[in-house]
Every structure is written in structure tokens, then in C-alpha cells.
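# Per-entry structural report
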Amino acid sequence: EPRGTQRSPIRTHKDGHNDHLISTPLQASSRYFAALDSSVGDLRQRAQGLIDRLNDSRKEDHTVMSSFRDSLQLKVSNLAEQLEERLFQLYSLHNELIQERLQELAEVMERVRQAEDELQQVCHTVEAAYRDLCLQPET
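Chains are numbered independently. Their residues run from 1 in the order of the written sequence. Residue-level local features of this predicted model are given only where pLDDT is at least 70; pairs of side-chain atoms are given and counted only at 80 or more, and the full residue set underlies all totals for whole chains, interfaces and linings. Only hydrogens and water are set aside; all other atoms, that is, all heavy atoms of the structure, feed into the side-chain values.

Named according to an unreviewed UniProt entry, the protein is Synaptonemal complex central element protein 2 originating from Phasianus colchicus.

What follows is the structure in C-alpha cells.
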């Protein structure tokens, strides 16, 4: 007999023997609806159990994803710091190379300036000599 239902009174035949049990249509429908209510209640409980397990599973998924996200953010942050340190090392190395090249350029530019000064002196000397030659009377 389904859970939560009560037994209906049983009638016997007029002869007083109860070897043929008879129930009224009202009692039969009452038992049917009681069984149906019990089945519906069981289904509701099972559905609620499934929903509760689903919600618990979703909470667990959320916890796992949050942990994964935190772990991933930490790893990405660490990798970004390492990359930044490596970039600064490369910048430092390049700065040294650039500084060396700039020093070499400054030295070459100084030699060019000295050569210009010498060339300008030579030009002035040649110009003065030419003037002296042009100004001398012919003999």
C-alpha cells in the first residue's frame, strides 16, 4: 500500500463472509488518488533532490573555476613580471651598445671637425699664396 494512505473500511457480502472483498467506487477512486498523490509527491521529492544535486554541482564548478582563475591570474602575473625583467635586461644591454656607438660617433665627429679646421687653414694658406703670386709684379 502506498505511503501516506489509509485503509478504507472493507465490506463483506450479505452472508457475512469476507472471502470476497468489495470496495465502493468512491473508496477505489480515493485509493487511486491517494496513490497518485503519493507518486506525485515522490516525483516532486526526486525532482527536488536532482535540482539540489545540480545546484551543489554548480557551486562546486564555480569554486573550481574561481580557484582555476586565481591560479591562472597568478601564473600570468608571474610570467608578465619575468617578461618585464627580461625586457629591462635587453634595454640595458641595448643602452650600453648604443652608448658605445654614440661615443664612437662623437669621436669620429671630433676628428671630422679637426679635419675641417685643418682643411680650412690649408684653404686660407692656398688663398694667401695665390694672392701673393697674383700681386707680384712681373719681371
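Turning our attention to the overall build of the protein. Elements are defined by DSSP. Helices are runs of H or I of four residues or more, strands are runs of E of two residues or more, and each kind is numbered from the N terminus. Secondary structure summary: the protein contains one helix and zero strands in total. Type-normalised accessible area, obtained with a 1.4 Å probe on protein chains alone, sets the label of each residue: buried when under 20%, exposed when over 50%, and partly exposed for intermediate values. Here the protein holds 139 residues, and the buried ones make up 4% of them. All accessibility values rest on the Shrake-Rupley procedure with a 1.4 Å probe; residue burial counts only the protein chains present in the view. Carbon and sulfur atoms form 57% of the exposed surface of the protein, whose accessible area is close to 13,100 Å².

Right, let's get into the pattern of salt bridges. Here, a salt bridge means any Lys or Arg side-chain nitrogen found within 4 Å of an Asp or Glu carboxyl oxygen. Scanning all chains against the criterion turns up three salt bridges. For arginine 113, the salt bridge goes to aspartate 117, with nearest N and O atoms at 2.7 Å. Remark: aspartate 117 and arginine 113 occur in helix H1 (residues 25–135); sequence separation between them is four residues, near one turn of the helix. Arginine 113 sits in the partly exposed class, given a relative accessible area of 39%. The class for aspartate 117 is partly exposed, based on a relative accessible area of 36%.

Within this analysis, patches are made of residues with over 30% relative accessible area and no salt bridge. Like charges are joined at 9 Å or less; nonpolar side chains (Val, Leu, Ile, Met, Phe, Trp, Tyr) at 5 Å or less. In this tally Asp and Glu are treated as negative and Lys and Arg as positive; neither His nor the chain ends contributes. Working definition for charges: the position is that of NZ of Lys, CZ of Arg, CG of Asp or CD of Glu. Among the surface-exposed residues, Asp52, Asp56, Glu60 and Asp61 lie close enough to one another that they form a single negatively charged patch. You can see aspartate 61 is positioned in helix H1.

Okay, a nonpolar patch on the surface next. There is a patch of nonpolar side chains on the surface, built from Met65, Phe68, Leu72 and Val76 and spanning about 390 Å² of accessible area. The topology assignment puts valine 76 in helix H1. On the basis of relative accessibility, which here comes to 49%, the residue valine 76 falls in the partly exposed class.

Once that is clear, we can look at the confidence of the model for the protein. In this model, the protein carries an average pLDDT of 84, and 76% of its residues clear a pLDDT of 70 or more. Predicted confidence for residues 1–13 stays below pLDDT 50, and this span has 22 contacts to residues more than four positions away or in other chains. Every residue gets a pLDDT, meaning the predictor's confidence in that residue, from 0 to 100. Any two residues having at least one pair of non-hydrogen atoms within 4.5 Å are treated as being in contact. Predicted confidence is poor over residues 17–21, with pLDDT under 50, and the contacts of this stretch with residues over four places away or in other chains come to six contacts.

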